[in-house]
Amino acid sequence: MRKALVRLAAALVAAPLLVSPGAAQAATATPSLAIASDFPDPDVVKFGSTYYAYSTNNGNGNVPVATATSLTGPWTRRADAMPALGAWANGGLTWAPDVSQRADGRYLLYYTARSRATGRQCLGAALATSPLGPFSAVGTQPLVCNAGEGGDIDAASFTDSTGLRYLLYKDDGNAIGQPTSLWLQQVAADGVTIQGGRVELLRSGRAEEAGIIEAPVLTKVGAQYVLFYSLGGYGGDGYQTSYATSTSLTGPYTKAYRSLMTTASLDSAVRGPGGADVVREAGGDHIVFHGWINNYSARGMYVAALGWAGGYPVVRGSRVRYEAERGTLNHCAARTAPDTSQGQVVAYIDYADSWVDVTVFAPRAGGYRAHVAYAAGYGDAQHTLTVNGANPQVVNYPNTGWDAWRQVGVDVTLNAGYNTLRFTHLSRWAELDFVEVA
């Protein structure tokens, strides 16, 4: 706690700056609800000029499919992409399809269904000459079916930059009270011939996972592999999307410190965001995922802009936290503080030349919301905020008392990529814990 005399020594400051005409900006774009009806676990892929979306069955056949010329729609539902399942499978529980195109031009579908023999969910494969199907089952047995680990679900395809093809999936350990793992299995160019043994990429273990990690999707950004996955129970607001990274395809993978998308990080614009897929294309990458709609009676399909900050994913509309003490500090200093993010804050921002630079990342150019976590102990305080050295505006910090941390929101306009937010002392005294940008 600072002494009042130290505070008073910095009390002679200039009058607050007026907000410049261009400083008031629109808030960030929230994820777009592209399919406003039940369409869980969406898999989206573009073939030619058309986007195709496939989902967990929802009363519209075994493999619902929809098409659009834009990711955000309008989407048109089509006929069941796989009217007849493999002989090994019962209908009604066809989950999380994945469609890709093979080198021979045919389309490969991975799907999850209930095994007649084991009573567990298992993985099957099917082929078609059109992405709309009809897909015909490959063989009379599942592609992967390990009843002893609770079954297997959530297949996804991945082709490495070397041209080798892989199958990713989740063992359904939580169905039998065991931890769950995400697996990588090499397959031949046909996508259905298993080659060698499988590799465990990730296992559940964190408290927020509640024993469940699932829905793996793998992509490569530069030299880094990024493994997206869902965690927690899908039935409510606690379901979320996270990721892990590795410089090697087979790992080890390091889980992100915080999840990429949660109900809270999206400010409840989407509830229970999960079952995500990634669409990589020249015009800008996107993430598609489901979230609860209609009073938790259905899971609609959402689309959000996706960017890469040094190879790490950033979703527009989902808060990303930047610790103030990790920024560039001028005539101020970090201090240890209780009940704060990672235990430190920036203090002593008390002088005309005291400022904190925080570097943030924007997936697209446009309006964003900066949520500033602060404490102010001797009355209301103010900082001047500039973005990339321009558009000064005043950030007002209502008095909270020292070590009583609150957040204040500020609308800013950011360039695509990295931006610098500078917080400069203006009046009285506030300390900064972190900035979250969405």
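Calculation rules
- Residues numbered from 1 in each chain as written.
- Predicted model: local features only at pLDDT ≥ 70, side-chain atom pairs only at ≥ 80, totals over all residues.
- Heavy atoms only, no water.
- Helix = DSSP H or I, 4+ residues; strand = E, 2+ residues; numbered from the N terminus.
- Rg over C-alpha atoms; globule rule 2.2 N^0.38 Å.
- Buried < 20%, exposed > 50% of the residue type's maximum accessible area, 1.4 Å probe, protein only.
- Contact = heavy atoms within 4.5 Å.
- Areas by Shrake-Rupley, 256 points an atom, 1.4 Å probe, with all protein chains shown as cover.
- Lys, Arg positive; Asp, Glu negative; His and termini not counted.
- Charge placed at Lys NZ, Arg CZ, Asp CG, Glu CD.
- Pairing = 2+ DSSP bridges.
- Axes fitted to C-alpha atoms, helices over the stretch in contact; angles between N-to-C directions.
- Core = buried A, V, L, I, M, F, W, Y, C linked by side-chain atoms within 4.5 Å.
- UniProt positions renumbered as here; feature names shortened; annotations may be inferred.
- Polar contact = N/O pair within 3.5 Å; in protein donor to acceptor, adjacent residues only side chain to side chain.
- Phe/Tyr/Trp six-rings, centres within 6.5 Å; stacked < 30°, edge-to-face > 60°.
- Disulfide = S-S within 2.5 Å.
- Salt bridge = Lys/Arg side-chain N within 4 Å of Asp/Glu carboxyl O.

What follows covers the overall build of the protein. A tally of regular secondary structure across the protein gives one helix and 32 strands. For the protein, the C-alpha radius of gyration of 25 Å lies close to 22 Å, the compact-globule estimate for 438 residues. Counting the 438 residues in the protein, one finds 58% classified as buried. Sequence separation of at least 24 residues holds for 58% of the intrachain contacts in the protein that already meet a minimum separation of 6. A total accessible area of about 17,200 Å² is found for the protein, and carbon and sulfur atoms account for 51% of it. Of the charged side chains in the protein, 32 are positive and 34 negative, and the gap between their average positions amounts to 1 Å.

A sheet is described by the order of its strands in space; here four strands give the open sequence E14-E15-E16-E17, paired in antiparallel fashion. Bordering the open sheet on either side are strand E14 (213-221) and strand E17 (254-255), each of which pairs with just one other strand. The sheet contact formed by strand E16 (residues 240-246) and E17 spans two bridges and is antiparallel. Opposite Thr-245, over in E17, you have Thr-254 as the bridge partner.

A few words now on the sheet that holds strand E29 (residues 390-397). Reading across from one edge, E23-E26-E31-E28-E29 is the order of the five strands in this open sheet, with antiparallel pairing throughout. Two strands in the sheet have a free side with no partner beyond their single neighbour: strand E23 (328-330) and E29. Pairs of neighbouring strands in the sheet enclose a mean axial angle of 25 degrees, with direction left out of account. Where E23 and strand E26 (residues 355-362) come together, three bridges link them in antiparallel fashion. Across the sheet, the residue bridging to Asn-330 is Trp-355, located in E26.

Turning next to the nonpolar core. Judged by nonpolar contacts, the single largest core of 32 residues is most densely connected at Tyr-397, Leu-414, Leu-421, Phe-423, Leu-432 and Val-437. Setting aside anything within four residues of it in sequence, one finds Leu-432 in contact with Ala-324, Val-345, Val-346, Ile-349, Val-356, Val-372, Ala-373, Tyr-374, His-383, Tyr-397 and Phe-423. In terms of nonpolar packing, the next biggest core, distinct from the first, is built from 21 residues, Val-217, Ala-276, Val-278 and Ala-304 among them.

Right, let's get into the UniProt feature "domain: CBM6" (unreviewed entry) in the protein. With numbering aligned to this structure, UniProt lists the feature "domain: CBM6" (unreviewed entry) at residues 320-438. In the segment residues 320-438, helix accounts for 0% and strand for 65%; the C-alpha atoms at its two ends are 6 Å apart.

Positionally, Thr-219 belongs in strand E14. For Thr-219, the side chain forms a polar contact with the side chain of Arg-280, separated by 2.6 Å. Leaving out residues up to four positions away in the same chain, Thr-219 has contacts with Phe-158, Gln-224, Tyr-225, Val-226, Phe-228, Arg-280 and Trp-308.

Applying the stated criterion across every chain yields a total of eleven aromatic pairs. Ring geometry for Trp-292 versus Tyr-296: centroids 6.3 Å apart, planes at 45 degrees, classification tilted. The exposure class assigned to Trp-292 is buried, which follows from its relative accessible area of 13%. Judged by its relative accessible area of 38%, Tyr-296 is partly exposed. Here the aromatic residues Phe-47, Tyr-52 and Tyr-107 are joined through ring pairs into a cluster of three or more.

The next thing to look at is the state of the cysteines. Inspection of the entire model under this criterion finds one disulfide. The disulfide partner of Cys-122 is Cys-145, and the gap between their sulfur atoms is 2.0 Å. One end of the pair, Cys-122, is in strand E8 (residues 121-128); the other, Cys-145, is in the loop between strand E9 (136-137) and strand E10 (152-159), with 23 residues separating them in the sequence. The buried category is assigned to Cys-122, whose relative accessible area is 0%. Classification of Cys-145 by relative accessible area gives partly exposed; the value is 28%.

It is worth spelling out the environment of Ala-416 at this point. With respect to the helices, strands and loops of the structure, Ala-416 is situated in the loop between strand E30 (406-414) and strand E31 (417-427). Put simply, Ala-416 and Ala-36 are 380 residues apart on the chain and 29 Å apart in space, counted from C-alpha to C-alpha.

Okay, the pattern of salt bridges next. Summed over all chains, the structure comprises 19 salt bridges. Residue Arg-106 is joined to Asp-104 by a salt bridge in which the shortest nitrogen-to-oxygen separation is 3.5 Å. With a relative accessible area of 36%, Arg-106 lands in the partly exposed category. A salt bridge links Arg-198 to Glu-149; the shortest N-O distance between them is 2.8 Å. Highlighted residues: Arg-198 in the loop between strand E12 (181-187) and strand E13 (199-203) and Glu-149 in the loop between E9 and E10, separated in sequence by 49 residues.

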